[in-house]
Amino acid sequence: MVKKDISSRELTEKALKDIEKNSNLNAFITLCADDALKAANEADNLRAKGDTRPLLGVPIAVKDMILTKGVKTTAASKILSNYIPPYDATVVRKLKTAGAIIIGKTNMDEFAMGSSNEHSFFGPVKNPWDTKLVSGGSSGGSAVSVAARLTPFALGTDTGGSIRQPASLCGVVGIKPTYGRVSRYGVVAYASSLDQVGVFARSVEECALLTETISGKDEFDSTSVDITPVGEIKFGIKGLRIGIPKEYFTEALDPIVNSLVSEALNNLRSLGATLVPISLPHTDLALAAYYVIAPAEASSNLARYDGIRYGIREEAEDLFSLYANTREAGFGSEVKRRIIIGTYVLSSGYYDAYYKKAQQVRRLIQNDFLDVFKNSCDVIAAPVSPFPAWKLGEKVSDPLKMYLSDILTIPVNLAGLPGMSIPCGFTSDRLPVGFQLIGKPFDEKTLYQVGATYQKETNFHKELPPGVEDGF
Amino acid sequence: MIKNLSKLSRLKITDDKDIESIIAYVGKLNSVNTDGVEPLSHVHGSKNIWREDIVSPSSSAEILEGAPDKSGTFVRTPLVIDG
């Protein structure tokens, strides 16, 4: 599918060269040049023997949140800056089994906590459409790798929008599958009830291929689910009911985003879909519920970084100081902030008022979605980020302002649904904007159907950032 | 308060104004009536999932590789129990 008359070796060499040439984008933390070239040679041999697997020999970038055996995996944190995992994440194992080539590990917000990729120990990722702007986050490096055509595919993770938001800001397709569709084994844990691995690519069809490759039940992740593979993508959306949630089109939405997303909706209507106005009344509470639940889970998950078994250690006389010194030196400010918030909302006397309350609100948010899917529509369409990419440094000193960029993606994680961002136009400054499709649980098939049908009629996903050529 | 939380979470932060404004923001949850609403901890309603207790091999040498300080087949730490 991706390959024309080019060998895997050539493709891999080109990717490595392009990554090097575009190092100013800061999309990668670690490159796996030797292993990748070795794997490319093997792929070429297999292909010569008649192996036609679609991902055989195709270079893929992997977010540095995902463990790769023998290859440094840092989660963009100082505390894991020397960590070399002794095993592969299930998704990496599945990619290798499919013949794909892991070319390198992409930059991200530390422990996936951030929306701009400015919270990385390795520095911010730059947006290829304008290098003075943020890439979005937390999977910024993966989004940029595909947007700048450094690699045709990338893996990311999405806890509150970390795939869909940078996909929108960088002009590529990004999918967060249904919670449980993809194994989280070997993925650094941030907020376990929300985290999900997903993919970036240029087109919906390519995203579907990669998502299907990494999906499936895994004995090492008990929350993973046995699902039927999607199979062939259906084209055509005649008669499909697309819900348009009024709570996602408020005055908080940048007018240009509103107008580009509305244009995409009109396009879907002209392709035969019926647009149905719907209401998701608890949307306004999603951000608050998320900033209780995610930090609570993070404060517990990140307790493991203690300077004892792996990662860096700051020596001290006694054990308590060793823990505290290591964590103080190893974590960045946003990570510490969320650990403190999580510790607060879980502490005795506050648990019911915050954590239990947030879980109840989470139920209300999920019910909102399940109700409209039962009664009104087959799929939902909405904006992704309320605004296009912003200037580096603009929001970094005001966490609450930064959090608002995920206000339209977070509800999908709280409800465990599949979500996808698809390029739908450009601002007058030529910055890409995406629209979001939200599906019923495990109904990725309809997302692929709507997205692929839309992309057959539009060319936004084929536009390239300045100076970029599409060699894939 | 932050000083105490900082101690609980083995950090050294003593002051962060942003934390207070975030806590104030999430306080808006208390404006919602959630009487009788079942808390949602897992989106698909999964409960405990059991598996057979089967021993499978793993390499302690590989795992020890990552430890900052070790002695033989052990990870070394400062004194844990005094006296």
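Computed from a prediction, not measured in an experiment: that's the story for all the values here. (Residues numbered from 1 in each chain as written. Chains lettered and ligands numbered in written order. Predicted model: local features only at pLDDT ≥ 70, side-chain atom pairs only at ≥ 80, totals over all residues. Heavy atoms only, no water.)

Visitor: Help me understand the packing of aromatic side chains, please; the structure alone is not making it clear to me.
Guide: Each aromatic ring pair is summarised here by two numbers: the centre-to-centre distance and the angle between the ring planes. Residues and elements named next belong to chain A. Counted according to the given criterion, the structure contains 17 aromatic pairs over all chains. Geometrically, the ring pair formed by Phe-387 and Trp-390 is edge-to-face, given 5.5 Å between the ring centres and 85 degrees between the ring planes. Judged by its relative accessible area of 18%, Phe-387 falls in the buried class. Aromatic side chains Phe-435 and Tyr-454 sit 5.0 Å apart centroid to centroid with 70 degrees between the ring planes, which places their arrangement in the edge-to-face category. Note that Phe-435 is positioned in strand β13 (residues 432-439) and Tyr-454 in helix α14 (residues 444-457), a separation of 19 residues in sequence. Taking relative accessible area as the criterion, Phe-435 reaches 0% and is therefore assigned buried. A connected cluster of aromatic rings, assembled from ring pairs, spans Tyr-83, Phe-111, Tyr-305, Tyr-310 and Phe-331. Over the ring of Phe-235 we find Lys-456, and its NZ or CZ is 4.5 Å from the ring centre. (Phe/Tyr/Trp six-rings, centres within 6.5 Å; stacked < 30°, edge-to-face > 60°. Buried < 20%, exposed > 50% of the residue type's maximum accessible area, 1.4 Å probe, protein only. Helix = DSSP H or I, 4+ residues; strand = E, 2+ residues; numbered from the N terminus. Lys NZ or Arg CZ within 6 Å of the ring centre and 35° of its normal.)

Visitor: What am I meant to see in unusual backbone geometry here?
Guide: Trans is the prevailing form of peptide bonds, just as negative phi is the prevailing case for residues other than glycine. All names here are of chain A. Note the cis peptide between Gly-137 and Ser-138, where omega equals 10 degrees. Mapped onto the secondary structure, Ser-138 falls in the loop between β5 (130-134) and α4 (140-147). One non-glycine residue, Asn-26, lies in positive phi territory at about 60 degrees. On the secondary structure map, Asn-26 appears in the loop between α1 (8-21) and β1 (28-31). A positive phi is found at Arg-430, a non-glycine position, where the angle reads about 60 degrees. The topology assignment puts Arg-430 in the loop between β12 (419-426) and β13. Looking at Arg-430, the relative accessible area reads 38%, which means it is partly exposed.

Visitor: Could you clarify how one ought to interpret the sheet that holds strand β3 (residues 101-106) of chain A in this entry?
Guide: Strand pairing within a sheet occurs via backbone hydrogen bonds; the two strands may be parallel or antiparallel. Residue and element names in this part refer to chain A. Strand order in the open sheet formed by 11 strands is β1-β3-β2-β6-β8-β7-β12-β13-β11-β9-β10, with mixed pairing between adjacent strands. Looking along the sheet, the strands with just one partner apiece sit at the ends: β1 and β10 (274-278). If you compare each strand with its neighbour and ignore which way they point, the axes differ by 30 degrees on average. Across the sheet, helix α2 (residues 33-48) is in contact with β1 and β3; its angle to β3 comes to roughly 160 degrees. Along the sheet face, helix α11 (residues 351-375) touches β9 (241-245), β10, β11 (379-383) and β13 and points at about 125 degrees away from the line of β11. (Pairing = 2+ DSSP bridges. Axes fitted to C-alpha atoms, helices over the stretch in contact; angles between N-to-C directions. Contact = heavy atoms within 4.5 Å.)

Visitor: Quick question: what am I supposed to make of the pairing of β5(A) here?
Guide: Consecutive residues of a regular strand have side chains that alternate between opposite faces of the sheet. Residues and elements named next belong to chain A. Of the pairings in the sheet, the one linking strand β4 (residues 126-127) to β5 comprises 2 bridges and is antiparallel in character. Within β5, the residue paired with Lys-126 across the bridge is Val-134. Here β4 folds back onto β5 in antiparallel fashion, the turn holding 2 residues.

Visitor: What exactly am I supposed to notice about the side chain of A:Ser81 here?
Guide: For A:Ser81, the location among the structural elements is in the loop between β2 (59-63) and α3 (90-97). Within the structure, A:Ser81 has its side chain in polar contact with the backbone oxygen of A:Lys78 (distance 2.7 Å). (Polar contact = N/O pair within 3.5 Å; in protein donor to acceptor, adjacent residues only side chain to side chain.)

Visitor: What should I look at first to understand the interface of chain B and chain A in this one?
Guide: Interface size is often expressed as the accessible area that is lost when the parts come together. Contacts between chain B and chain A engage 44 residues on the former and 61 residues on the latter. Buried surface at the junction of chain B and chain A, summed over both partners, amounts to about 4800 Å²; 70% is from carbon and sulfur atoms. In terms of surface lost to chain A, no three residues of chain B exceed B:Arg10, B:Leu29 and B:Leu40, which account for 14% of the buried area on that side. Linking chain B with chain A are 5 salt bridges. Taking the shortest distance from any N to any O, the salt bridge between B:Asp18 and A:Arg337 comes out at 3.6 Å. (Buried area = accessible area lost by both parts, 1.4 Å probe. Salt bridge = Lys/Arg side-chain N within 4 Å of Asp/Glu carboxyl O.)

Nothing here speaks to function; it is all geometry.
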